[in-house]
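# Fold and contact review
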Amino acid sequence: MNQDIIKAGLPDEAVSPIVGVMLMLVVTIIIAAVVSSFAGGLATDDVKAPSVNLECTVVTNPVDRTGLLFEHKGGDEFELCDLKMHLQNRDVQVTVDYDYLFTDMFDDHPNALSTDVKNNKKYFQKICPKGGFGVDKSIRPGDKFMFYADYYRDVGSSDTVTPGFHWKPNNGGGLAAVQNTLCEYKLIDKVSGQTIVAGQFIVP
């Protein structure tokens, strides 16, 4: 009688194809995950900061130049609007984005920025070869641009403000870089988040 009972379940020969299909699915999922991860890594790596040689000069001419003057000595073209500046003096630091504007905090002080500079409103301004300021925001080899300070006070001035550079953008931050101290700067590409150039200067 027992011999007449039909065994329940799948026949042995049906097990191997099912296991094979399951293995194929697992392998496919693993390959898809690896490809997705690799593609994501490539997309991130594609965004790089411009490669440039920038020369920085500290300028304290109160008539129309107060801050850091940069000259493009060679390398990639880039846009001023893609920049932000990070400054640190002692334990105080501030980041000034291209989109930040001057305030009127120092307008009534001696040696305030010129009206021409203030009218442009931006901390980052391209310098035209024939003088004045450029509407073009592209910086190419041979071009110069300023990163302005709101105010500079020399130690010999009668002003009561701390001697040195002062930045007070409209975003609410600020930095007073004290005269005769070391100040560090980083010019950062906002698109990639990477530093284009970094350096130090003594506040005159």
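Presented here is an overview of the structure given in this document. (Residues numbered from 1 in each chain as written. Predicted model: local features only at pLDDT ≥ 70, side-chain atom pairs only at ≥ 80, totals over all residues. Heavy atoms only, no water.)

Of note in this structure, arginine 90 is not a glycine but carries a positive phi near 60°. The residue arginine 90 is located in the loop between strand S4 (83-89) and strand S5 (92-97) in this model. Residue class for arginine 90 comes out exposed when judged on its relative accessible area of 58%. Of note, asparagine 180 is a non-glycine position whose phi angle comes to about 65°, a positive value. With respect to the helices, strands and loops of the structure, asparagine 180 is situated in the loop between strand S11 (175-178) and strand S12 (182-189). Overall, asparagine 180 belongs to the exposed group, its relative accessible area being 61%. (Helix = DSSP H or I, 4+ residues; strand = E, 2+ residues; numbered from the N terminus. Buried < 20%, exposed > 50% of the residue type's maximum accessible area, 1.4 Å probe, protein only.)

All right, on to the pairing of S12 then. Bridge analysis of S4 against S12 gives seven bridges, and the strand direction is antiparallel. Paired with leucine 83 across the two strands is aspartate 189, which belongs to S12. In terms of strand pairing, S12 meets strand S13 (residues 195-202) through seven bridges, oriented antiparallel. Bridging across to S13, leucine 182 finds its partner in isoleucine 202. The antiparallel pairing of S12 with S13 creates a hairpin that spans five residues between the two strands, and glycine 193 there sits at a positive phi of about 80°. (Pairing = 2+ DSSP bridges.)

On to the environment of valine 161, then. If you trace the backbone, valine 161 turns up in the loop between strand S9 (151-153) and strand S10 (164-167). Sequence-wise, valine 161 and tyrosine 151 are 10 residues apart; in three dimensions their C-alpha atoms are separated by 9.6 Å.

Let's shift gears to the packing of aromatic side chains. Applying the stated criterion to the full structure yields 13 aromatic pairs. Centre to centre, the rings of phenylalanine 70 and phenylalanine 145 are 5.2 Å apart; their planes meet at 15°, and the pair counts as stacked. With phenylalanine 70 in strand S2 (residues 65-75) and phenylalanine 145 in strand S8 (residues 144-148), this pair connects stretches of sequence that are 75 residues apart. Comparing phenylalanine 70 with phenylalanine 145 shows no difference in burial state: the two are buried. Geometrically, the ring pair formed by tyrosine 152 and phenylalanine 165 is tilted, given 5.2 Å between the ring centres and 55° between the ring planes. Of this pair, tyrosine 152 sits in strand S9 while phenylalanine 165 sits in strand S10; the two residues are 13 residues apart in sequence, bridging distant segments of the chain. Assigned by exposure class, tyrosine 152 and phenylalanine 165 land together as buried. (Phe/Tyr/Trp six-rings, centres within 6.5 Å; stacked < 30°, edge-to-face > 60°.)

Spatial relationships are all this shows, so hold off on functional conclusions.
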